[in-house]
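# Coordinates in review
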Amino acid sequence: MSYVDEIYDRVVEQNPAQPEFHQAVKEVLESLRVVIEKNEEEFKRDALLERLTTPERQLLFRVPWVDDKGQVQVNNAYRVQFNSAIGPYKGGLRLHPSVNLGIIKFLGFEQVFKNSLTGLPIGGGKGGSDFDPKGKSDREVMAFCQSFMSELFKYIGADTDVPAGDIGTGAREIGFMYGQYKRLTGLYEGVLTGKGLSYGGSLARTEATGYGLLYMTEEMLKCNGVDIKGKTVAVSGSGNVAIYAIEKAIQLGAKPVTCSDSTGWVYDPEGIDVALLKEVKEVNRARLTEYAAKRKSAEYHDKAKEKNNQWIIKVDIALPCATQNELNLDDAKALVSNGVIAVCEGANMPTTLEATQYFQKNKVYFVPGKAANAGGVATSALEMSQNSERLSWTFEEVDSKLKNIMVNIFHNLDDAAKKYGMEGDYVAGANIAGFLKVADAMKAQGIV
Ligand code: NDP
């Protein structure tokens, strides 16, 4: 049995009932096979893949808090510090009822490669809780965030582990967590990113993941002789990533026609009205039914009543920006039969392995999330730099650095794919380019 297969079996055996983690490891290992097999003995002697697939540290803790009725609630929380070979652990905190250790491990593992691809000195980590901020009062969210940070603060720091937002963790939650960290430690430092502008946040961080996704999509298409202008786009999700992906797509002359949330999706053939979408989601924290009610051209589709989702709409580009495994083989078949040219992942692992392979087999340009959504963490790293310097850069400065980073990431993964004889396979390119830097740093630092 090859070393790669041995490691995959080991991961499955040692991490039972964590299918998302197995899936993420499988995708990466398959891409690395060509690199590992060139030097298998050395990698094996150093147990490099065992170390790469085993987190350096996993923290599990309970979060007790009191709800508005005076009832004590208890949530499970996690922080997985996966790999610090190239810098302090960096990665978001997800607050969603689906969160469990396996989900956090898959996200942390992906983060290691993503952060390496940015070219910035940041290691990989991820955390979160099964707490659901949806439907909670501001006081309840604060109570949870303060209790969560009262445990987490022991393990994080500006030079050790710097968490950020993710699903369910936006500016409000980061603010409450930062306040509690400062109160407990007395330190005013860049320990969290995604902070508000009045207390150390970076301009353009809110927009960064969505904008970065479009900068990469534009560059990838350009390198393949395709102009993004005039293309129709299907977006899923209507959170932070989706909203700013839609905004930048419009600015680049494309036409996003769909968005979704967990209860339904919208098809707006005239193009999504991003100002209205922001009002509904960012200001009113409401459902997409409100968008459809206020916009004549929009059709609303209720997920409880219909089997179909936004991937049945005929578009040139698909940008899944909601959550993991939201685009399956049937969705991929529908998109391909409608002539989709490109799929770029805004969310983390939104496409199943079978769907990814189907796109690649059908010559659809496919860029994985660990490259395409790296703009968020890259700008978080820029926020860390500004915090260390005690300076704030302008929106234009941050945005232009973001664009450069995304263009560079694309060329790095394109070059890596070409170098290993897999031209156009951006999944392999991203995994290989991300891996080489981390592996090099791990080797240089000895057996730790
Ligand atoms: P948000 O919480 O802002 O938005 C998430 C969106 O996806 C919402 O519209 C939500 O709908 C929908 N959604 C979430 N879970 C599900 C589900 N199980 N089924 C259907 N819809 C769902 O999160 P973000 O936009 O920040 O994150 C989206 C994705 O992008 C995640 O995979 C995240 O890890 C990834 N990402 C985010 C980055 C960032 O900077 N924010 C950086 C890199 C990656 P509803 O409101 O109804 O729940």
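You'll find the structure just up there.
Before going into details, it helps to say that this report is about the structure given with it. (Residues numbered from 1 in each chain as written. Predicted model: local features only at pLDDT ≥ 70, side-chain atom pairs only at ≥ 80, totals over all residues. Heavy atoms only, no water.)

### Quick look at the overall build of the protein chain
The helix and strand tally for the protein chain stands at 17 helices and twelve strands. Taking 2.2 N^0.38 as the reference for a compact globule, 448 residues should give roughly 22 Å; the C-alpha atoms of the protein chain span a radius of gyration of 21 Å, in line with that estimate. Each of the three principal axes of the protein chain carries a C-alpha extent, and together these read 65 × 55 × 45 Å. Taking contacts inside the protein chain between residues at least 6 apart in sequence as the whole, the part at least 24 apart equals 72%. Looking at the protein chain, you have 52 positive and 58 negative side-chain charges, and the mean spots of the two groups are 2 Å apart. (Helix = DSSP H or I, 4+ residues; strand = E, 2+ residues; numbered from the N terminus. Rg over C-alpha atoms; globule rule 2.2 N^0.38 Å. Contact = heavy atoms within 4.5 Å. Lys, Arg positive; Asp, Glu negative; His and termini not counted. Charge placed at Lys NZ, Arg CZ, Asp CG, Glu CD.)

### Describing the packing of helix H15 (residues 375-389) against helix H16 (residues 395-419)
H16 packs onto H15 with a crossing angle of 135° between their chain directions and a minimal axis gap of 10 Å. Judged by the angle between their axes, H15 and H16 are oblique. Judged by the sense of rotation from one axis to the other, the crossing of H15 with H16 is right-handed. Here H15 contributes Gly 375, Ala 378, Thr 379, Leu 382 and Gln 386 to the contact with H16, which in turn contributes Val 398, Lys 401, Leu 402, Ile 405 and Met 406. For the contact of H15 with H16, the class distribution of residues is six nonpolar, three polar and one charged. (Axes fitted to C-alpha atoms, helices over the stretch in contact; angles between N-to-C directions. Parallel < 35°, antiparallel > 145°, perpendicular 65-115°, else oblique. Left-handed = near helix turned anticlockwise from the far one by under 90°. Nonpolar A, V, L, I, M, F, W, Y, C, P; charged D, E, K, R; others polar.)

### Side note on the sheet that holds strand E7 (residues 255-260)
Strand order in the open sheet formed by seven strands is E9-E8-E7-E6-E10-E11-E12, and the pairing between neighbours is mixed. Both outer strands of the open sheet, strand E9 (299-302) and strand E12 (365-367), are each paired with one neighbouring strand and no more. Pairwise comparison of adjacent strand axes, ignoring direction, gives a mean angle of 15° for this sheet. Relative to E7, strand E6 (residues 232-236) runs parallel, the two sharing three bridges. Counted as the bridge partner of Ala 234 is Thr 258 from E7. Contacting E6 and E7, helix H9 (residues 240-251) crosses the sheet at an angle of about 170° to E7. (Pairing = 2+ DSSP bridges.)

### Points about the site of the ligand
Among the 25 residues in the neighbourhood of the ligand, the closest are listed as Lys 134, Asp 166, Thr 209, Ser 262 and Asn 348. Thr 209 is positioned such that a nitrogen or oxygen atom in its side chain is 2.6 Å from an oxygen atom of the ligand. Protein chains shield 84% of the accessible area of the ligand, which is 890 Å² for the free molecule. Of all elements in the fold, only helix H8 (205-223) and H9 reach the threshold of two or more residues within the shell around the ligand. A per-class count over the shell around the ligand returns five nonpolar, 13 polar and seven charged. Formed jointly, the shell around the ligand draws a minimum of three residues from each of two domains, domain 1 (3-188) and domain 2 (206-363). (Near = heavy atom within 4 Å. Polar contact = N/O pair within 3.5 Å; in protein donor to acceptor, adjacent residues only side chain to side chain. Areas by Shrake-Rupley, 256 points an atom, 1.4 Å probe, with all protein chains shown as cover. Domains from an automatic or database assignment.)

### Section: the environment of Glu 383
The topology assignment puts Glu 383 in helix H15. Judged by its relative accessible area of 0%, Glu 383 falls in the buried class. Sequence separation between Glu 383 and Gly 200 is 183 residues, and the spatial gap between their C-alpha atoms is 7.8 Å. Those residues within four positions of Glu 383 in sequence are excluded, and the remaining contacts are Leu 192, Thr 193, Gly 194, Lys 195, Gly 200, Gly 201, Ser 202 and Arg 205. (Buried < 20%, exposed > 50% of the residue type's maximum accessible area, 1.4 Å probe, protein only.)

### A word on unusual backbone geometry
Trans is the common state for peptide bonds, and a negative phi is the common state for residues other than glycine. A positive phi angle, close to 50°, is found at Ala 47, a residue other than glycine. For Ala 47, the location among the structural elements is in the loop between helix H3 (40-45) and helix H4 (48-53). A positive phi angle is found at Arg 285, which is not glycine, with a value near 50°. By the secondary structure assignment, Arg 285 is in the loop between helix H10 (274-283) and helix H11 (288-294).

### Thoughts on the packing of helix H1 (residues 3-14) against helix H2 (residues 19-36)
As a packed pair, H1 and H2 sit with axes 9 Å apart at the nearest point and diverge in direction by 165°. Between H1 and H2, the angle is such that the two are roughly antiparallel. Helix-helix and strand crossings are classified by hand; for H1 and H2 the assignment is right-handed. Residues Tyr 3, Val 4, Asp 5, Ile 7, Tyr 8, Val 11 and Val 12 of H1 pack against Phe 21, His 22, Val 25, Lys 26, Leu 29, Arg 33 and Ile 36 of H2. Per-class residue counts for the contact of H1 with H2 are ten nonpolar, one polar and three charged.

### Some details on the pairing of E6
The buried fraction of E6 is high, at four of five residues. In this region the chain leaves E6, passes through H9 and returns to the parallel neighbour E7; the handedness of that crossover is right-handed. Taken together, the four bridges between E6 and strand E10 (residues 317-320) define a ladder with parallel strand orientation. Across the sheet, the residue bridging to Ala 234 is Ala 318, located in E10. (Right-handed = clockwise from strand over helix to strand, strands pointing away.)

### Remarks on the packing of aromatic side chains
On inspection of all chains with the given rule, the structure shows 15 aromatic pairs. Note on Phe 109 and Phe 113: the rings are 5.1 Å apart at their centroids and 75° apart in plane angle, and the pair reads as edge-to-face. Placement of both Phe 109 and Phe 113 in helix H5 (residues 101-117) is noted, with a separation of four residues, approximately one turn of the helix. Here Phe 109 and Phe 113 have matching classes, each one buried. In this structure an aromatic cluster arises from ring pairing among Phe 61, Trp 65, Phe 131, Phe 144 and Phe 148. For Lys 26, the ring lying beneath its charged end belongs to Tyr 8, and the centroid distance is 4.8 Å. For the cation-ring pair, Lys 136 lies above Phe 131, with the distance from its terminal atom to the ring centre recorded as 5.2 Å. (Phe/Tyr/Trp six-rings, centres within 6.5 Å; stacked < 30°, edge-to-face > 60°. Lys NZ or Arg CZ within 6 Å of the ring centre and 35° of its normal.)

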